[in-house]
Amino acid sequence: VQLVESGGGLVQPGGSLRLSCAGSGFTFSRYDLSWYRQAPGKERELVLSITDTGDSTDYTDSVKGRFTISRDNAKSTVYLQMNSLKPEDTAVYYCYAQWRLYNLRYWGQGTQVTVSS
C-alpha cells in the first residue's frame, strides 16, 4: 500500500500549486480521502476531505474559497488545488485515505509547500 504525494515546492504569495496523491495497493475508490498539513511547531490539521462518492468538506476556514479537493478514481489520484497562497499556508502537506467500514487508513509521506517571496 502506498500513497505518494507530489507537486509541492516554493511559490510566491498569491501563486498557485496543485498537489497530487497517487494511491496503489488498495481499492482507492472505496476510500474517503483527505489532505492534512503540518506547519513547523504546530499540530497536524485537517484541511479538506472528499468522500468515496465525491462530496467534499472544508475543515479549515482559512482555506475556504482558495483550496479545492478532487479525485480521479480511474487514476487512483486525489488532488489539492491551492490558489491565492499565503505565507501561512507553508507546511508539509499529507494525503490520507480511510475506509471507515473496515477501519483501514493510510498516510502519505508528505510534500513540502513553502510560500515565500
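Attention here is on the structure that accompanies the text. (Residues numbered from 1 in each chain as written. Predicted model: local features only at pLDDT ≥ 70, side-chain atom pairs only at ≥ 80, totals over all residues. Heavy atoms only, no water.)

## Remarks on the state of the cysteines
No. 1: Counting across every chain of the model gives 1 disulfide.
No. 2: Two residues, Cys 21 and Cys 95, share a disulfide whose sulfurs are 2.2 Å apart. Of note, the bridge from Cys 21 to Cys 95 carries an S-S torsion of about -85 degrees and is left-handed in sense. Residue Cys 21 is found in strand S3 (residues 17–24), and its partner Cys 95 is found in strand S9 (residues 91–99); the two are separated by 74 residues along the sequence. The pair Cys 21 / Cys 95 is uniform in exposure class, with both members buried. (Disulfide = S-S within 2.5 Å. Helix = DSSP H or I, 4+ residues; strand = E, 2+ residues; numbered from the N terminus. Buried < 20%, exposed > 50% of the residue type's maximum accessible area, 1.4 Å probe, protein only.)

## Comments concerning the nonpolar core
No. 1: Trp 35, Phe 67, Val 78, Leu 80, Met 82 and Tyr 93 are the most contacted members of the largest nonpolar core, which totals 28 residues.
No. 2: Counting only elements with at least two residues in this core, the list comes to S3, strand S4 (32–38), strand S5 (45–50), strand S7 (67–72), strand S8 (77–82), S9 and strand S11 (111–115).
No. 3: Of all the elements, S9 adds the most residues to this core, at 5 residues. (Core = buried A, V, L, I, M, F, W, Y, C linked by side-chain atoms within 4.5 Å.)

So far we have only geometry, and geometry alone does not tell us how the molecule works.
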